[in-house]
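Summary of structural features
What follows is each chain in one-letter form.
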Amino acid sequence: MTRQRVPWLRLALEGVVVVASILLAFGIDAWWDGRQAIGSEQELLVGLREEMAANLENLRADLDSLELNRDRLNRFVSSDPARFGESLGDSAWQSVVRPLYRDFSPKLSYGFLDATVAAGKLELIRDVELRAALAGLKRLQDEADGPRGPGMRLADLSAEAGPLVGGQRAVQVGWVEGGPRRSISAVDLRALRSDDRIVALAASRGMLTLGYINTLRRLEAELVRIQALMEGQ
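Overview of the structure. (Residues numbered from 1 in each chain as written. Predicted model: local features only at pLDDT ≥ 70, side-chain atom pairs only at ≥ 80, totals over all residues. Heavy atoms only, no water.)

Focus on the overall build of the protein
Of the regular secondary structure elements, the protein holds eight helices and zero strands. When each of the 233 residues of the protein is scored for burial, the buried share is 34%. Of the contacts formed within the protein by residues at least 6 apart in sequence, a portion of 86% connects residues at least 24 apart. Of the accessible surface of the protein, which amounts to about 13,900 Å², a share of 57% is contributed by carbon and sulfur atoms. (Helix = DSSP H or I, 4+ residues; strand = E, 2+ residues; numbered from the N terminus. Buried < 20%, exposed > 50% of the residue type's maximum accessible area, 1.4 Å probe, protein only. Contact = heavy atoms within 4.5 Å. Areas by Shrake-Rupley, 256 points an atom, 1.4 Å probe, with all protein chains shown as cover.)

Here it is in structure tokens:
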């Protein structure tokens, strides 16, 4: 009986081909998964960029309004009661009455970011610094919403200011007859400035507004930083 020789070389080559085919298949799968992940990340970044840009635009507009409101409150508190209102004319509603009760609260939207976090897709972002910044953004927003205690928010002071400012006859007539753009006489403005309760309210609003502005500036800086990180992706 003739012993058959085992074709070791051919078997080895076939084994190498099989292993190489398997590794190639795994490599293709990994490459494809990577491509899909990058595509998903880019789609995610597009939505986040749009949301952050809109938030930054709205926040800056509200900050301008808050700065203006605070300046008007400061002028009201620091003015001479005996001479107050002589040069205001038709701007009295905007420069005196409105700042006493107007509430400014930026309406920012985090719907896309919230949905991203809820779906567990934040991990698709490869940049660790950007991912951490996005995860911590809502904490800054919560700080910007201000203290939760009674009387510690601008909205509380706005509610308190309504009855005080509305108790002034000139303000009542202004709303009934001509709306908030009606002019108020210097005599009526001096009456507003001479009411210690209204002055104290204006001073409190000015102080809270400054703290609110400083908090919103930190939020603004973080939004700018996040935008820069996203542009680098």
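Observations regarding helix α2 (residues 92-101)
For α2, the buried fraction is high: seven of the ten residues fall into the buried class. Here α2 has its buried residues at Ala 92, Trp 93, Ser 95, Val 96, Val 97, Pro 99 and Leu 100.

Comments concerning the environment of Asp 71
Summarising the element assignment, Asp 71 is placed in helix α1 (residues 8-78). For the pair formed by Asp 71 and Ser 95, sequence separation is 24 residues and the distance between their alpha carbons is 9.3 Å.

Considering the packing of aromatic side chains
This model, assessed by the stated rule, comprises zero aromatic pairs. Residue placement shows Arg 193 over the ring face of Phe 76; its charged tip is 5.9 Å from the ring centre. (Phe/Tyr/Trp six-rings, centres within 6.5 Å; stacked < 30°, edge-to-face > 60°. Lys NZ or Arg CZ within 6 Å of the ring centre and 35° of its normal.)

With respect to the nonpolar core
With 28 residues, the main nonpolar core has Ile 125, Leu 130, Leu 134, Leu 137, Leu 216, Leu 219 and Ile 226 as its most contacted residues. The set of elements that each furnish at least two residues to this core consists of α1, α4 (128-144) and α8 (196-231). Those residues within four positions of Leu 137 in sequence are excluded, and the remaining contacts are Met 52, Tyr 110, Leu 113, Leu 219, Glu 222, Leu 223 and Ile 226. (Core = buried A, V, L, I, M, F, W, Y, C linked by side-chain atoms within 4.5 Å.)

Points about the pattern of salt bridges
Using the criterion set out here, one finds ten salt bridges in the structure. A salt bridge links Arg 131 to Glu 123, with the nearest nitrogen and oxygen atoms 3.7 Å apart. Taking relative accessible area as the criterion, Glu 123 reaches 58% and is therefore assigned exposed. Close ionic contact of Glu 220 with Arg 217 constitutes a salt bridge, the shortest N to O distance being 3.0 Å. (Salt bridge = Lys/Arg side-chain N within 4 Å of Asp/Glu carboxyl O.)

Remarks on α4
Counted at 1.5 Å a residue, the expected span for α4 with its 17 residues is 24 Å, and the 25 Å between its end C-alpha atoms agrees. For α4, the principal kink sits at Gly 136 and spans about 35°. Within α4, burial applies to Leu 130, Arg 131, Ala 133, Leu 134, Leu 137, Leu 140, Gln 141 and Ala 144. The opening residue of α4, the one whose side-chain oxygen lies 2.9 Å from the backbone nitrogen of Glu 129, is Asp 127. (Expected span 1.5 Å × (residues − 1). Bend = angle between axes of the 7 residues up to and from the residue. Polar contact = N/O pair within 3.5 Å; in protein donor to acceptor, adjacent residues only side chain to side chain.)

Quick word on the environment of Leu 157
Mapped onto the elements of the fold, Leu 157 is located in helix α5 (residues 154-166). For Leu 157, a relative accessible area of 6% corresponds to the buried category. Between the alpha carbons of Leu 157 and Leu 208 there is a distance of 9.5 Å; along the sequence they are 51 residues apart. In this view, Leu 157 contacts Leu 201, Ser 204, Arg 205 and Leu 208; residues no more than four positions away in its chain are not counted.

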